[in-house]
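Chain residues, written in single-letter form:
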Amino acid sequence: MTTSSKQRNLDFMYAIDFEDTSIKSGLTPLLKLVMQSLPVPSVAISQFASSQHYIKSTDPVSATFQDNVSLLSDIIAGSGEMLIIQDSAAQSDKWNGFLHEGILCCVALPVKLPVGELWGMVAVTDNQSRQWTDEEINLIQHVTNTISWQIHTEIERQLQNKQIEVLKNSENLFQQLADTSTDALVILDEDACIAYCN
């Protein structure tokens with residue numbers, strides 16, 4: 001298996017669907033908590049494998065805003081580290097797209113799964129310049145850790161469902177083979193007793 005096909009398999013394994021009701025019902029209260037506690041106008045979760053974004057905002061989300069979330073996502077995917085922007089106007093050459101959307105400051109944190117894999121990011125943006133306090137960053141980190149565990153749990157649930165499906169398909173295939181075989185098929189258990197015979 002080539003490196004790129006291994007990465008595609010890994011990406012597929014760790015991909016979740018933000019449109020899934022159970023995912024949304026778990027993530028939405030966390031994002032609202034951040035928006036109300038800080039207060040900030042928008043919070044986004046990005047998934048690296050699928051380039052999907054789940055954005056909660058007090059304002060309509062424009063295509064440019066989504067592009068800015070993608071830019072943040074690329075930066076976090078490349079570094080794996082937290083990014084803090086205190087004032088994008090002071091660095092207008094670097095964050096020009098942010099200024100067009102009225103994003104003056106941002107905190108973006110990587111979402112790492114318990115197994116150590118870098119899965120995505122959580123970004124909190126504000127349309128006012130501000131100095132992010134340690135308490136605010138700790139809240140965002142705590143929410144990011146909670147999201148990480150929720151995503152990990154969902155991935156484990158999806159993997160378990162896939163394994164059950166593969167097992168059922170295997171059992172069905174074996175049963176079809178046994179039912180249509182013209183040869184005798186005998187399976188013994190660990191005590192050498194007949195467990196199955198067609």
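Residues numbered from 1 in each chain as written. Predicted model: local features only at pLDDT ≥ 70, side-chain atom pairs only at ≥ 80, totals over all residues. Heavy atoms only, no water.

**Q** Help me understand the pairing of strand β7 (residues 194-197), please; the structure alone is not making it clear to me.
**A** Looking down a regular strand, the side chains alternate between one sheet face and the other. Across 3 bridges, strand β6 (residues 186-188) lies against β7 in antiparallel orientation. Looking across to β7, one finds that leucine 188 is bridged to isoleucine 194. Hairpin connection, β6 to β7: the antiparallel pair is bridged by 5 residues, and alanine 192 has positive phi, about 65°. (Pairing = 2+ DSSP bridges. Helix = DSSP H or I, 4+ residues; strand = E, 2+ residues; numbered from the N terminus.)

**Q** What am I meant to see in the side chain of threonine 28 here?
**A** By the element assignment, threonine 28 lies in helix α2 (residues 21-37). Owing to a relative accessible area of 16%, threonine 28 belongs among the buried residues under this scheme. For threonine 28, the side chain forms a polar contact with the side chain of tyrosine 54, separated by 2.5 Å. Here threonine 28 is in contact with Tyr54 and Lys56, once residues within four sequence places are set aside. (Buried < 20%, exposed > 50% of the residue type's maximum accessible area, 1.4 Å probe, protein only. Polar contact = N/O pair within 3.5 Å; in protein donor to acceptor, adjacent residues only side chain to side chain. Contact = heavy atoms within 4.5 Å.)

**Q** What is the right way to read unusual backbone geometry from this model?
**A** One can expect most non-glycine residues to show negative phi and most peptide bonds to be in trans. One non-glycine residue, serine 51, lies in the positive phi region at around 60°. Within the secondary structure, serine 51 is located in the loop between β1 (42-47) and β2 (52-57). Here serine 51 falls in the exposed class, since its relative accessible area comes to 56%. Positive phi values are uncommon outside glycine, yet alanine 192 reaches one of about 65°. Relative to the helices and strands, alanine 192 is located in the loop between β6 and β7. Among the residues examined, alanine 192 registers a relative accessible area of 56% and is labelled exposed.

**Q** I would appreciate a short explanation of the pairing of strand β4 (residues 105-112) in the present structure.
**A** By the criterion of burial, β4 is predominantly enclosed, with 7 of the 8 residues buried. In this sheet, strand β5 (residues 118-126) lies alongside β4 in antiparallel orientation, the contact comprising 8 bridges. Note that in β5 the partner of cysteine 105 across the bridge is aspartate 126. Where β4 folds back on β5, the antiparallel hairpin that results is connected by 5 residues, among which glycine 116 adopts a positive phi of roughly 95°.

**Q** What is the right way to look at the sheet that holds β5 in this model?
**A** In sheet architecture, strand pairing relies on hydrogen bonds along the backbone and comes in two forms, parallel and antiparallel. Spatial strand order, β2-β1-β5-β4-β3: 5 strands in an open sheet with antiparallel pairing. The sheet is open, and its two borders are formed by β2 and β3 (83-85), each paired with just one other strand. Taken over all neighbouring pairs, the strand axes of this sheet differ in orientation by 15° on average, direction set aside. Sheet strands in contact with helix α3 (residues 63-79) are β1, β2, β3, β4 and β5, and its direction is about 130° off that of β5. In this fold helix α5 (residues 134-180) packs onto β1, β3, β4 and β5, with an angle of close to 35° to the strand it touches most, β4. (Axes fitted to C-alpha atoms, helices over the stretch in contact; angles between N-to-C directions.)

**Q** Is there a simple way to explain the environment of glutamine 128 in this structure?
**A** Relative to the elements of secondary structure, glutamine 128 occurs in the loop between β5 and α5. Given the relative accessible area of 52%, glutamine 128 is considered exposed. Expressed as a C-alpha distance, the spacing of glutamine 128 and glycine 102, which sit 26 residues apart in the sequence, is 8.1 Å. Once residues within four sequence positions are removed from consideration, glutamine 128 is found in contact with Leu104 and Cys105.

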